[in-house]
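Residues per chain are reported as follows:
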Amino acid sequence: MTEAREELSWEQFGTAARELAEQIAADGYQPDIILSIARGGLFVAGSLGYALDVKNLHVANVEFYTGVNERLPVPIMLPPVPNVVDLSGARVLVADDVADTGATLKLVRDFCVGHVADVRCAVVYEKPQSSVQCEYVWRRTNRWINFPWSTQPPVVRRGAAQVLDS
């Protein structure tokens, strides 16, 4: 028996990103910077950047998942690490595709604390076990999520296996 999964299509992602942006705008939050957690958060950050008219997007490369439900003991930030001087005094919106355990979001949020005026998190999905309760969430689920950008295998394989949703 295959475990039930949450299926997100590209069209649904467009709706999700727009509704997430509407939540943020309705809350009155006006980020100066959107800090994307690569890779899944890149799609979210780009969409939010356009919807919220924020051109200042930054990227944090974090490695945590090594397979379906397989992860490193702790997430690690990979170079190039964002420069805290670039974030200094800003209102930062951290964007990711999913808050699963919350460990990745916590790492990036804690990296910002003490350097920024305000830091908040926006995700498409949040799971009940997440240690970070995000300010902006499109949907909550306890299922594995098939994202449209990671369900198909790569066109070219480069070393270590990619985490596929299928």
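About the criteria used
- Residues numbered from 1 in each chain as written.
- Predicted model: local features only at pLDDT ≥ 70, side-chain atom pairs only at ≥ 80, totals over all residues.
- Heavy atoms only, no water.
- Patch = residues over 30% accessible without salt bridge, like charges linked within 9 Å, V, L, I, M, F, W, Y side chains within 5 Å.
- Areas by Shrake-Rupley, 256 points an atom, 1.4 Å probe, with all protein chains shown as cover.
- Salt bridge = Lys/Arg side-chain N within 4 Å of Asp/Glu carboxyl O.
- Helix = DSSP H or I, 4+ residues; strand = E, 2+ residues; numbered from the N terminus.
- Core = buried A, V, L, I, M, F, W, Y, C linked by side-chain atoms within 4.5 Å.
- Buried < 20%, exposed > 50% of the residue type's maximum accessible area, 1.4 Å probe, protein only.
- Contact = heavy atoms within 4.5 Å.
- Axes fitted to C-alpha atoms, helices over the stretch in contact; angles between N-to-C directions.
- Parallel < 35°, antiparallel > 145°, perpendicular 65-115°, else oblique.
- Left-handed = near helix turned anticlockwise from the far one by under 90°.
- Nonpolar A, V, L, I, M, F, W, Y, C, P; charged D, E, K, R; others polar.
- Pairing = 2+ DSSP bridges.

Draft legend 1. Focus on a nonpolar patch on the surface. Taken together, the side chains of Trp10, Leu42, Phe43 and Val59 present a nonpolar region at the surface, about 350 Å² in accessible area. On the secondary structure map, Leu42 appears in helix α2 (residues 40-51).

Draft legend 2. Spotlight on the nonpolar core. With 25 residues, the main nonpolar core has Ile24, Leu48, Leu93, Val124 and Tyr125 as its most contacted residues. Elements with a contribution of two residues or more to this core: α1 (10-26), α2, β5 (91-99), β6 (118-126) and β7 (136-140). Among the elements that line this core, the one with the most residues is α1, at six residues. Residue contacts for Tyr125: discarding those within four places in its chain leaves Glu6, Leu8, Asp97, Val98, Ala99, Val137, Trp138, Arg139, Thr141, Ile145 and Phe147.

Draft legend 3. Layout of the packing of α1 against α2. Where α1 meets α2, the closest approach of the two axes is 9 Å, and the angle between their N-to-C directions is 55°. It follows that α1 is oblique to α2 by the angle criterion. Handedness of the crossing formed by α1 with α2: right-handed. Of the residues in α2, those touching α1 at Trp10, Phe13, Ala17, Arg18, Leu20, Ala21 and Ile24 are Phe43, Val44, Ser47, Leu48 and Ala51. Residues that form the contact of α1 with α2 fall into these classes: 10 nonpolar, one polar and one charged.

Draft legend 4. Region of interest: the pairing of strand β2 (residues 33-38). Where burial is concerned, most of β2 is hidden: six out of the six residues are buried. Alternating residues of β2 divide into Ile33, Leu35 and Ile37 and Ile34, Ser36 and Ala38, and every residue in both groups is buried. Pairing of β2 with β5 involves four bridges; the strand directions are parallel. Within β5, the residue paired with Ile34 across the bridge is Leu93.

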